[in-house]
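# Fold and geometry: a report
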Amino acid sequence: MEFTAKQIADFIGGRVEGNEDAHVHTFAKIEEGTEGAISFLSNPKYTHYIYDTKSSIVLINEDVELEKPVSATLIRVKNAYECVAKLLQLYAASQPKKKGIDSLAFVSPTASIGKDVYIGAFAYIGDNAVVGDGTQIYPHTVIGDGAQIGNGCLLYPNVTIYHQCKLGNNVTIHAGTVIGSDGFGFAPNAEGYEKIPQIGIVTIEDDVEIGANTCIDRSTMGTTTIHKGVKLDNLVQIAHNVEVGEYTVMSAQVGIAGSTKVGSWCMFGGQVGLAGHITVGDKVLLGAQSGVPSSLKSEQTLIGTPPMEPTPYFKSQAIFRRLPDLYKQINELQKQVDELKKK
């Protein structure tokens, strides 16, 4: 499928500089551009590539000033990164979707399967499970008894949805992720640890995307809830009875302990850790490897363990690197003070 520069500009509200009839059929990074490809420039570090790129069309921000002419046709927009995301979404939506139930899949006679569903080989759909219209379930994925999957969901290979858990519409879950495994609940006694049965579920609302090998534990009672629009990266751990607010995003290896409540529109960098039974407000931004032992108010940008504002954090780190020298100086000063006291 090919598109001209004019067609693309009309779709994203851009302005063409160059040949309006230049056409493209694929995407490429600006530094790896080829004829017939569309690229984008949003990071100033990559500006020098625009003068030599072989891409036919380049999306570029309106305010970028170029030092010399370029051979590619330019489409100027307010936000090139945002516009290329829209084009990629259009491209992905145009790709044909798989349909039908593979003969090697197992679907319980009591399961309810919607229209235009794809269920791949060796997938398992349990008793009384519900799979909504247009949902795609790839090979080796397990949908447990009584689980509910909404419309337009995409479950990649080896995803496991435990019994009774609920997914909304347009949920994407990548390979190896487990939804509804037992929460980490054990009561110590004289003989070791007695397991506390986890009888709750996991509820995932609409438009959530979850990366590969992420685990979301079922609640002890009630539900572990991932609200609308949340995006979780690979290798994220969400413990039992956690609640994650709308449109919050988390990078890889974030871990949230049990019964913690996270607000909406938060952003957590890689390897952030949250203690259990705390509350994090809305629009909290946490830098990578931050450790959060207690509740946080809304609209803060923090980093470190315990987390603090960025400026004092980086000043503290600068001092920390000098601690060995400062320690020597303090010892020397102490010796001088002791000598003065003797005199």
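Residues numbered from 1 in each chain as written. Predicted model: local features only at pLDDT ≥ 70, side-chain atom pairs only at ≥ 80, totals over all residues. Heavy atoms only, no water.

## Regarding the pairing of strand β5 (residues 37-41)
Rule in force here: Whether a residue is buried, partly exposed or exposed follows from its accessible area with a 1.4 Å probe, protein chains only, as a fraction of its type maximum: under 20%, in between, or over 50%, in that order. Counting from the N terminus, the helices are the DSSP runs of H or I reaching at least four residues and the strands are the DSSP runs of E reaching at least two. Whether two strands pair comes down to DSSP finding at least two bridges between them.
Among the 5 residues in β5, 4 count as buried, and that is most of the element. As judged from the 2 bridges shared by strand β4 (residues 26-27) and β5, these two strands associate in the parallel manner. For Phe27, the partnering residue across the bridge sits in β5 and is Ile38. With 4 bridges joining them, β5 and strand β6 (residues 57-61) adopt parallel strand pairing. In the strand pairing of β6, Phe40 is matched with Leu59.

## Description of the sheet that holds strand β37 (residues 285-286)
Reading across from one edge, β8-β11-β14-β17-β20-β25-β28-β31-β34-β37-β39 is the order of the 11 strands in this open sheet, with parallel pairing throughout. Of all the strands in the sheet, the pair left with one neighbour each is β8 (100-101) and β39 (301-302). For strand β25 (residues 209-210) and strand β28 (residues 231-232), the ladder comprises 2 bridges, and the chain directions are parallel. Each residue of the ladder has a partner; that of Ile210, found in β28, is Leu232.

## Brief notes about the side chain of Thr135
What counts is decided by this rule: Contact criterion: two residues are considered in contact whenever any of their non-hydrogen atoms come within 4.5 Å of each other.
For Thr135, the position within the fold is in the loop between β13 (130-131) and β14 (136-137). Filtering out sequence-adjacent residues up to four positions away, Thr135 remains in contact with Asp116, Val117, Tyr118, Ile149, Gly150, Asn151, Gly152 and Cys153.

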